Amino acid sequence: MGFLTASISNAGGRAANEDYAGSEELGSAGCWVVADGLGGHGGGATASRLAVDAVLASFRANPNVTPEALSAHLAAAHAAILRQQSEPALSQMRSTIVVLLADETTAVCGHIGDSRLYHFQAGTVGFQTIDHSVPGALAAGGSIPFDAIRFHEDRNKVLRSLGNDGEDKPAITERSLSQGDLFLLCTDGFWENVTELEMEADAAKAPAPGDWLKLMASRLFRRAKPDNDNFTALAVFFRSPTAPVARRGGNNGGKERRWFSLAEKLSWMAIAVLTLTLAVSLAAVLFPREALRLIDRARGLSPHGSAVQRQDNTGRQKPVK
Amino acid sequence: MKYQPGNAQHIGARKEQQDAFAFSDPADKKFVAHGGFLALVSDGMGGLSNGREASAAAARTFLSAYEGKTPEETIPAALARSLQAAFEVVQGLNRAAGNGQSGATLVAAVAHDGHLYWVSVGDSRLYLIRQGRLVQLTRDHCYRERLFDQVAGDRLPLAEALTNPEREHLTSYLGMVGSPEIDGNTRPFFLEPEDQVVLCTDGVYRAVSETEFAAAFAGGSPSAECEALKATILARATEQQDNLTMAAFRCSGAAGGGAVGNLRSKLTVGGAGLLLCANLFVADLAWNSLRRLRRGPEVRRATEWKHVGADDTTAPPVRQKETGDDSTARRDSPKKDPSQAPADEQEPVADPAADANPDEAVPVATAETTRKPGHKKAGKKGTAKKKGTSQDPTEDKR
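Numbering of residues starts from 1 in each chain and follows the order in which that chain's sequence is written. Each chain is given a letter, starting from A, and each ligand a number, starting from 1, according to the order in which they appear as written. In keeping with the predicted nature of the model, local features appear solely for residues at pLDDT of at least 70, side-chain atom pairs appear and are counted solely at 80 or more, and the whole-chain, interface and lining totals rest on all residues. Excluding hydrogens and water, the side-chain values take into account all heavy atoms of the structure.

A. A look at the sheet that holds strand β10 (residues 196-200) of chain B. Residue and element names in this part refer to chain B. Pairing between two strands requires that DSSP report at least two bridges joining them. Runs of E in the DSSP output that reach at least two residues are strands. Runs of H or I that reach at least four are helices, and both are numbered from the N terminus. With antiparallel pairing, five strands are arranged side by side in an open sheet as β1-β11-β10-β6-β7. Of all strands in the sheet, those bounded by a partner on one side alone are β1 (2-10) and β7 (133-136). Taken pair by pair, the neighbouring strands of this sheet meet at an average axis angle of 20 degrees, ignoring direction. In this sheet, β10 lies alongside strand β6 (residues 125-130) in antiparallel orientation, the contact comprising five bridges. Within β10, the residue paired with L128 across the bridge is V197. Set on the sheet, helix α8 (residues 222-235) makes contact with β1, β10 and β11 (244-252); between it and β1 the angle comes to about 25 degrees. Throughout, an axis means a line fitted to C-alpha atoms (over the contacting stretch in the case of helices), and angles, computed between N-to-C directions, take values from 0 to 180 degrees. For this analysis, residues touch if any pair of their heavy atoms sits within 4.5 Å.

Next up, the structure:
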């Protein structure tokens, strides 16, 4: 098995922990889930637990690593919460969710709400989910940078969640896996207190997923306010000896590569333009008379100056003849 | 990637400076090629000069051990070996003194080819400043962190960890009994251009907020930035102000990571450059061959000028008019078609009849010939000048 898993879940400064995490591995495939429940009177805790259990049950019935399978798991979780909402005390319960499905080559991740998944490749964040929240939408539209979400005043306004009326509307992404890839699934209580750069720094130090979580939790504890939110994080290390090793800026265009890829893009554009002008110049060298004729014809058609010049030319020709 | 070092140090309100720092030689290119650039800071502990000796010996030993690195040894291995050497030296000092009186923290960072590696024991810290954001890379070896691990495992309330009276006690340092816990990265950490790496003792980070720290390193040379932070600390220093020491360096130039991707980029850029050269060469060929075809009319005009200039002085109005027309046409035309291919520049002088007799090429520079009449008559000077200047751009192009 190529996966090492660890998780941490803590009530923070709150009376109850409404977060829940779970995972399941079947053969070469695995399923990892983190959910953050909301809705008072125990509703939040029930919702997150229902959601995680429903996803894992659905995964056991269909352990394929495909976007369709993940979509079915999320729909099952949504249905489970809607069913339980018939109980009056639980009518307001909702849950965010983030799910990772993976086998030896592929990862599929999906989420609803503001719980996140980070995919670290070659030591840097290669992919992160976009929160279904007001600042998440702003960041997706380019109005604010992604790392400004954690300081945004509307970060708690979640736009989608399991248990809302209608469709569950998940965001699903397929990723290819490389040796040494890391995944972090976490609730907002976690990512609000640990920056992406800190996640990267701690990933460089951690020999195992449990160490990584402890290092990041230490940062969170030092920063946490007394009434800090519940936080839950689940770390997955992909360690298959057969998988290719991820190279810095490989298939994903890591951060460092930005400068180079820009230079590369410009170079390709220059190459395209230069090839064209080279072809034109070569044609002019090989067929100079035809080229001249073409130029003259173009000049004849050009709106300004041509008439005057032609008169000029004829005027000059006369004395010679 | 290049590394620009800087440092600052102050005794604070203490009687003795027990901090030490060191850099490897950034000018030793042979060593930098495999060993990168090393910076380290050590904070000594213990009375009666023991602390001072411990940190100085640790820094000296670590540096010389690291400078003994061979190209075959990996950087993490060399760092571990150097740390072991420093640990043994401080242990030796303690043995010589008879009782475990002294100790030292040590944090060392190596930047090599866009990667950062570090080792640390104790509570001195390594920070990274990227785009104004301060990130602590090391984890302090103090009791608080052990308590945090218990909090993470839900075995202890956070409040207890934060208020435990022993929370600042060191759990790992050079000179301790037993084997020290080492903080360091097992995987490379990638540096970006303009990243700043700062190593400092607790006298620095306990005296300022993270915001103040980051603000001091917002710009300027690393030594100026270190001095700025030192000034911030000293401006409000209390009677308890500890020794403060910082060693920093800034990375510049492209990151060296991802050799394959970089090579491809370099090849692409190089290819574009080569293509540009080929273009210039062929365009020059085209320009020359087209010009050769167009020589005819120019030569005729030149002889005409000579003839007229030498012949009769009673006909200037006619000639002037003629030259005036001619020169305006020539002067204006390059301005009209700058967007066209270079081969088009001769166009205004072009004569459709030139096609018929391309072999009339005579190597007479038109500019020179046209200037001649200008010297004779002041009235013509203007026109002659114009002609001269109008000729220049084409000369330059060649």
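From this point on, the discussion continues.
B. Molecular detail of the nonpolar core. Residue and element names in this part refer to chain A. Side-chain atoms within 4.5 Å are what join buried Ala, Val, Leu, Ile, Met, Phe, Trp, Tyr and Cys residues into a set we call a nonpolar core. Burial status follows relative accessibility: with a 1.4 Å probe on protein chains alone, a residue under 20% of its type maximum counts as buried, one over 50% as exposed, and anything between as partly exposed. Ranked by size, the top nonpolar core spans 36 residues in total, and within it L184, F190, W212 and F221 carry the most contacts. The element contributing the most residues to this core is helix α6 (residues 209-223), with seven residues. Excluding its chain neighbours within four sequence positions, the residues that come into contact with W212 are F120, L182, F183, L184, M199, D202, A203, A206, A235 and F237.

C. Quick peek at the pairing of strand β4 (residues 94-102) of chain A. Residues and elements named next belong to chain A. β4 sits mainly inside the fold: nine of its nine residues count as buried. The alternating pattern of β4 places R94, T96, V98, L100 and A102 and S95, I97, V99 and L101 on opposite faces, both of which are buried. Sheet topology places strand β3 (residues 29-38) next to β4; nine bridges connect them, and they run antiparallel. Paired with G30 across the bridge in β4 is A102. Two strands pair when backbone bridges link them, and β4 and strand β5 (residues 106-112) are joined in this way by six bridges, in the antiparallel orientation. Looking at the pairing, L100 lines up with C109 of β5.

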